[in-house]
Amino acid sequence: MSYLKNLYWLKQIEVRRQCNESCVVVVVTNDRKRLVQLLKSDFVLRKHREVFWYDTVMGLWRIKCDGGRIYREPHYIGSAQQQSPIASLISRQQGLPRVPFDAFVNWMISEIFTLANARGSEQFEGYSRCFVITNVPPSAREYFSMTINALATADEPYLARVTIVVVTDCIEKILDPSVVENCIVVDVEPSTEEERRKLITEISNFLAKKGLKAPSNEEIKVLIDITRGLNLHDLETVLLESFVLKKRFDTDFIVQAKASIFAKSEVIEFVQSKYGFEAVGGYDYLKEYIKNTVIEPWRNRELAMELGLELPRGILLFGIQGTGKTWFTKALARELGIPMFKLGEIRSRWYGETESRLRRAFKILRASAPCILFIDEVDQIATARGSPQEHEVDRRVKNMLLEELGDAERNYIIVCTTNRPEDLDPAFIRRGRIDIIVPVLHPDFEARKQILRVHTSVVRRVPLAEDVDLDLIAEKTMFFTGAELEALVKMATQEAFKERKRRVYMKHFEIALQNFHKDIGREVQTIQHYLELADRFSTDRRFIEQVRRVYERELSRVREVTEYSRLEVSP
Ligand SMILES: Nc1ncnc2c1ncn2[C@@H]1O[C@H](COP(=O)(O)OP(=O)(O)O)[C@@H](O)[C@H]1O
Ligand SMILES: [Mg+2]
């Protein structure tokens, strides 16, 4: 494992420990392989005379290095009799020295005090002892925070020259934020390109040795790319799984497996996008605008960067529900040929865990770049500052999002949606955070026609009878959203099915139409309201003028139609 040398994060720990910043190091990672790297590292093994590893489940071990060979042996602290019957049963079965958490902590502290009192008697270059602690139970958060705080601020651990390393995937779950400030915190990236290359090459060499077909260099390059964002443990699992189930490194399978691993993190989920702009009916002005301002620069980012052009990285789409904001973003991801992730539920039941989940999500996204992070209904996070209903956690989450949005280092796109842009914190839509703000209003006549076409012949193939006139349906569906048009097609199809017809006829659309009711006055108001908002928030005058023209045309159409129908009904 030559690549263990010079790992950036291990170096970081060593340097910061030497600067005496703190005797407590917190390593944030969810990767078992990182733990192994840590336990085998020069810093831990060579710089400390003795190394102990305590894990709530695995027990207490002494890690030893003997002529390059690293092994562990159980360490007994005479507290085995304190354990519960079930714990002793399990430990007897597994032959493990099951040590309760508080017994371990007591033992560690008394060791430290003994060493501190005997200082000077042990001549050793480096440090005396290293305690690596993993799997701290969240239920012990309060007790553990107190202990760590005491250790990080007391003299004894320094006199005893000990290092305490806590490994966790979520700092806030086990430590108070005020305690964390007294520790050295090292956030470890999931995997670097170099590490993935090493691991993939190792596995393919292993396959070759077994007489199995190893991937070509070209394939390895693709594998390194598509596995970005995975940690080393997951990477290994995914590759082996693919090999066992598919008999090769199947890129589709790996991409899927990666998505489900990310979904497990519960913070972001992978969104599959099947269609590009061809499945977005109408909205030509919007597609054209996004093509020029987003797609072209990102597709030619090397040239753009050479010219010092900044790539647009923050986009806000606003408009009422169902106008296709999510649909449009999926199509954008497809057009750019990059993966899309959706920010999931970030409120978590563990105090403070929300933040670390979000931090982990940002880390994964940066490692997966270029990609899109989609934040639906962003107003739920980024409401105006200091509103009374804002909770402490919400405020911190908002600030983290603001920071991420404005971070010049961010290498992926964030697309947000809202139907209430006026509620957003002005800091949020500042340039540099959100570069492009566009309204997505109701589809106009042309768009309705195209959406009907998309949902009868692109996304779904609905056999239409000859009497079906999409133009006429588009006329009759003024103020319908894309989502409602899609629903209309489904309902008409169901009507046809009820009659056991092989095709959908115009009358089925007529029946389906009766399910919808639109209050014209209100809808016109809504459109005008959003046009005003567009004026207020727009980042591009010329574009908004265009939008205005589309909707003025549409509204005058409305006036014509309503006048006409009034004429019709009047005696
Ligand atoms: N322009 C469009 N072209 C094709 N389908 C659309 C369009 N707009 C909306 N839809 C359909 O409506 C559904 C709901 O739209 P969605 O993107 O969820 O709306 P929003 O995110 O704005 O609430 C989509 O899944 C899609 O099938
Ligand atoms: Mg949506």
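Placed above this text is the structure.
Residues numbered from 1 in each chain as written. Chains lettered and ligands numbered in written order. Predicted model: local features only at pLDDT ≥ 70, side-chain atom pairs only at ≥ 80, totals over all residues. Heavy atoms only, no water.

A. Inspection of the sheet that holds strand β5 (residues 127–134) at higher detail. Taking strand neighbours across the sheet as the criterion, the seven strands line up as β4-β3-β2-β5-β6-β1-β7 in an open arrangement whose pairing is mixed. Two strands bound the open sheet, and with one partner strand each, they are β4 (69–74) and β7 (184–187). The sheet shows a mean angle of 20° between the axes of neighbouring strands, taken without regard to direction. Pairing of strand β3 (residues 59–66) with β4 involves six bridges; the strand directions are antiparallel. For R62, the partnering residue across the bridge sits in β4 and is E73. Running over the sheet, helix α1 (residues 8–18) touches β1 (24–28), β5, β6 (162–168) and β7 and is turned about 170° from β7. Of the strands in this sheet, β1, β5 and β6 touch helix α6 (residues 141–153), which is tilted by about 145° from β6. (Pairing = 2+ DSSP bridges. Helix = DSSP H or I, 4+ residues; strand = E, 2+ residues; numbered from the N terminus. Axes fitted to C-alpha atoms, helices over the stretch in contact; angles between N-to-C directions. Contact = heavy atoms within 4.5 Å.)

B. Up close: the packing of helix α10 (residues 193–209) against helix α12 (residues 232–246). As a packed pair, α10 and α12 sit with axes 11 Å apart at the nearest point and diverge in direction by 35°. Our pair here, α10 against α12, has a crossing hand that is right-handed. Packed against α10, whose contacting residues are E195, R196, L199, I200, I203 and L207, the element α12 presents L232, L235, E236, L239, L240 and F243 at the interface. Residue classes in the contact of α10 with α12 are distributed as nine nonpolar, no polar and three charged. (Left-handed = near helix turned anticlockwise from the far one by under 90°. Nonpolar A, V, L, I, M, F, W, Y, C, P; charged D, E, K, R; others polar.)

C. Fine view of the site of ligand 1. Near ligand 1, the surroundings consist of 16 residues, among which G322, K325, T326, W327 and E486 are the closest. Contacts to ligand 1 include A279, whose backbone N or O atom sits 3.4 Å from a nitrogen atom. A distance of 2.7 Å separates an oxygen atom of ligand 1 from a polar backbone atom of G322. Look at ligand 1: alone it shows 550 Å² of surface, and the protein chains cover 86% of it. Residue assignment for the shell around ligand 1 shows that the elements contributing at least two residues are α16 (325–336), α19 (445–457) and α21 (482–498). A per-class count over the shell around ligand 1 returns six nonpolar, eight polar and two charged. (Near = heavy atom within 4 Å. Polar contact = N/O pair within 3.5 Å; in protein donor to acceptor, adjacent residues only side chain to side chain. Areas by Shrake-Rupley, 256 points an atom, 1.4 Å probe, with all protein chains shown as cover.)

D. Expanded view of the pairing of strand β2 (residues 48–55). A large share of β2 lies buried, amounting to seven of its eight residues. Where β2 and β5 come together, seven bridges link them in parallel fashion. Residue D55 lies in a different strand from β5, and its bridge partner there is T134. The sheet contact formed by β2 and β3 spans five bridges and is antiparallel. (Buried < 20%, exposed > 50% of the residue type's maximum accessible area, 1.4 Å probe, protein only.)

E. Local environment of a nonpolar patch on the surface. Together, L303, L307 and L309 make up an exposed nonpolar region whose accessible area comes to about 340 Å². Assignment of secondary structure puts L309 in the loop between α15 (301–306) and β9 (314–318). (Patch = residues over 30% accessible without salt bridge, like charges linked within 9 Å, V, L, I, M, F, W, Y side chains within 5 Å. Salt bridge = Lys/Arg side-chain N within 4 Å of Asp/Glu carboxyl O.)

F. A look at the nonpolar core. I290 and F428 are the most contacted members of the largest nonpolar core, which totals 120 residues. Counting residues domain by domain, this core receives three or more from each of domain 2 (193–264) and domain 3 (277–439). Those residues in contact with I290 that sit more than four places away from it in its chain are F277, I295, F328, L332 and I436. Within the second largest apolar cluster, 35 residues are counted, among which are C23, V28, F101 and I174. (Core = buried A, V, L, I, M, F, W, Y, C linked by side-chain atoms within 4.5 Å. Domains from an automatic or database assignment.)

G. Focus on the pattern of salt bridges. Going through the model one piece at a time under the given rule, you end up with 39 salt bridges. Note that E495 and K498 form a salt bridge whose closest N and O atoms lie 3.1 Å from each other. Linking E495 with K498, this pair stays in helix α21, spanning three residues, or about one helical turn. Overall, the relative accessible area of 17% leaves E495 in the buried class. Relative accessible area serves as the criterion here: at 59%, K498 is assigned to the exposed category. Between R548 and E552 there is a salt bridge; the shortest N-O distance is 4.0 Å.

H. Main features of the packing of helix α17 (residues 353–368) against helix α18 (residues 392–406). Packing of α17 against α18 brings their axes to within 10 Å, and their N-to-C directions diverge by 15°. By the angle between their directions, the pair α17 and α18 is classed as roughly parallel. Where α17 crosses over α18, the two elements pack in a sense that is right-handed. Counted together, T354, E355, L358, R359, F362 and R366 of α17 and V393, R396, V397, M400, L401 and E404 of α18 form the full contact between these two elements. (Parallel < 35°, antiparallel > 145°, perpendicular 65-115°, else oblique.)

I. Layout of unusual backbone geometry. A positive phi is found at N20, a non-glycine position, where the angle reads about 65°. Residue position: N20 is located in the loop between α1 and β1.

J. Summary view of the pairing of strand β10 (residues 340–343). Pairing of strand β8 (residues 268–271) with β10, which is carried by four bridges, proceeds in the antiparallel orientation. Note that in β10 the partner of V271 across the bridge is M340. Alignment of β10 against strand β11 (residues 372–375), held across three bridges, turns out to be parallel. Looking at β11, one finds that K342 is bridged to F374.

K. Spotlight on the packing of aromatic side chains. Under the counting rule described, the total for this entry stands at 17 aromatic pairs. For the pair W107 and F131, a centre-to-centre distance of 5.8 Å together with 85° between the ring planes defines the contact as edge-to-face. Placement of the pair is W107 in helix α5 (residues 101–117) and F131 in strand β5, with a sequence separation of 24 residues. Overall, W107 belongs to the buried group, its relative accessible area being 12%. Here Y283 and Y285 contribute two aromatic rings whose centre-to-centre distance is 6.3 Å and whose plane-to-plane angle is 45°, an arrangement assigned as tilted. Y283 gets classed as buried once you look at its relative accessible area, which sits at 7%. Ring pairing ties together the aromatic residues F52, Y54, F101, F104, W107, F131, Y143 and F144, which thus form one cluster. Over the ring of F497 we find R500; its NZ or CZ atom is 4.4 Å from the centre of that ring. (Phe/Tyr/Trp six-rings, centres within 6.5 Å; stacked < 30°, edge-to-face > 60°. Lys NZ or Arg CZ within 6 Å of the ring centre and 35° of its normal.)

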